[in-house]
Amino acid sequence: MCMPTLEGWTLWLHIAAGTVAVLAGLGALVTTKGGLRHRQAGKLFLIAISVVVATVFGLLAINPTTFRIILTLVAIFSGYLAFSGYRVLARKRPEDDADVIDWSATGTVFVACLGLGVWGVTWFLGGQSFGIVMVIFGAIGVIFATLDGWTFRREGTGEWTVTHLQRMIAAFISTVSAVSAVNLTPIMGIWAWIWPTIVGVPLIVYWSNTYSTE
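What you see is a predicted model; the values in this text were computed from it and never measured. (Residues numbered from 1 in each chain as written. Predicted model: local features only at pLDDT ≥ 70, side-chain atom pairs only at ≥ 80, totals over all residues. Heavy atoms only, no water.)

**Some points on the UniProt feature "transmembrane region" (unreviewed entry) in the chain**
Okay, so step 1: Residues annotated in UniProt with the feature "transmembrane region" (unreviewed entry) correspond here to residues 12–32, 44–63, 69–89, 101–124, 130–152 and 164–184.
Okay, so step 2: Here residues 12–32 runs as 90% helix and 0% strand, with 32 Å between its end C-alpha atoms.
Okay, so step 3: What you have in residues 101–124 is 100% helix and 0% strand, and the ends, taken at the C-alpha atoms, are 34 Å apart. (UniProt positions renumbered as here; feature names shortened; annotations may be inferred. Helix = DSSP H or I, 4+ residues; strand = E, 2+ residues; numbered from the N terminus.)

**A closer look at the pattern of salt bridges**
Okay, so step 1: Here the structure, examined in full by the defined rule, presents four salt bridges.
Okay, so step 2: The shortest N-O distance in the salt bridge between Asp99 and Arg87 comes to 3.1 Å. Of this pair, Asp99 sits in the loop between helix H3 (66–87) and helix H4 (100–125) while Arg87 is found in helix H3, placing the two residues twelve residues apart along the sequence.
Okay, so step 3: Residue Arg87 is classed as buried on the basis of its relative accessible area of 15%.
Okay, so step 4: One salt-bridge network, in which partners are shared between bridges, spans Arg87, Asp99 and Asp102. (Salt bridge = Lys/Arg side-chain N within 4 Å of Asp/Glu carboxyl O. Buried < 20%, exposed > 50% of the residue type's maximum accessible area, 1.4 Å probe, protein only.)

**Quick word on empty space enclosed by the protein**
Okay, so step 1: In the structure shown here, the tally under the stated rule is one cavity of 30 Å³ or more.
Okay, so step 2: Looking at the largest cavity, its volume works out to about 50 Å³.
Okay, so step 3: The leading source of residues in the lining of the largest cavity is H3, at four residues. (1 Å grid on protein atoms, 1.4 Å probe; cavity = no way out; pocket = protein on both sides within 12 Å on 5 of 7 lines; lining within 4 Å. Points joined across faces, edges and corners; volume = space filled by probe spheres on them.)

The following block contains the structure:
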């Protein structure tokens, strides 16, 4: 009986963490916002996403294929959304400014997503339709990072609730996209990456409108 290799163990941990992230994210969505169960599900989601990001870097180091490079860039994007959604809770008060860790994370995701988007353009121009997916994710990441940089320079806005919901839901959508891509790409093609965004964006708009009026 063959023992699993380091790559095998890392892959299984990555899959398990991704599954937990999807379930915990779903739990956070359907529970009362701000309630105990919502907070517990949110913390579990954040931990699972952290493991997903760590293991995808491990998989990339073990076997740096093109697909894993793309997944790593998407994981950075997903991890940043979850991280920024969590960090905004630490800046609820107008006098709470962004720390070095906030600026560092924003700069990292900006560079990573800009690279993903540019890479996607070259792929698309080269006749590979998957470049569209890379451009979409890259553009979303650049927009979020730019908005964060702009927000960091402003004084307190009091919009932390909406920002938190937007980022965590977007992180959930990105996670579902990665899971869908790994399992459904042979069936759906590039739509396996895109459909969660199409379904999830209206959800972000709905909750943003709901909590911005409270």
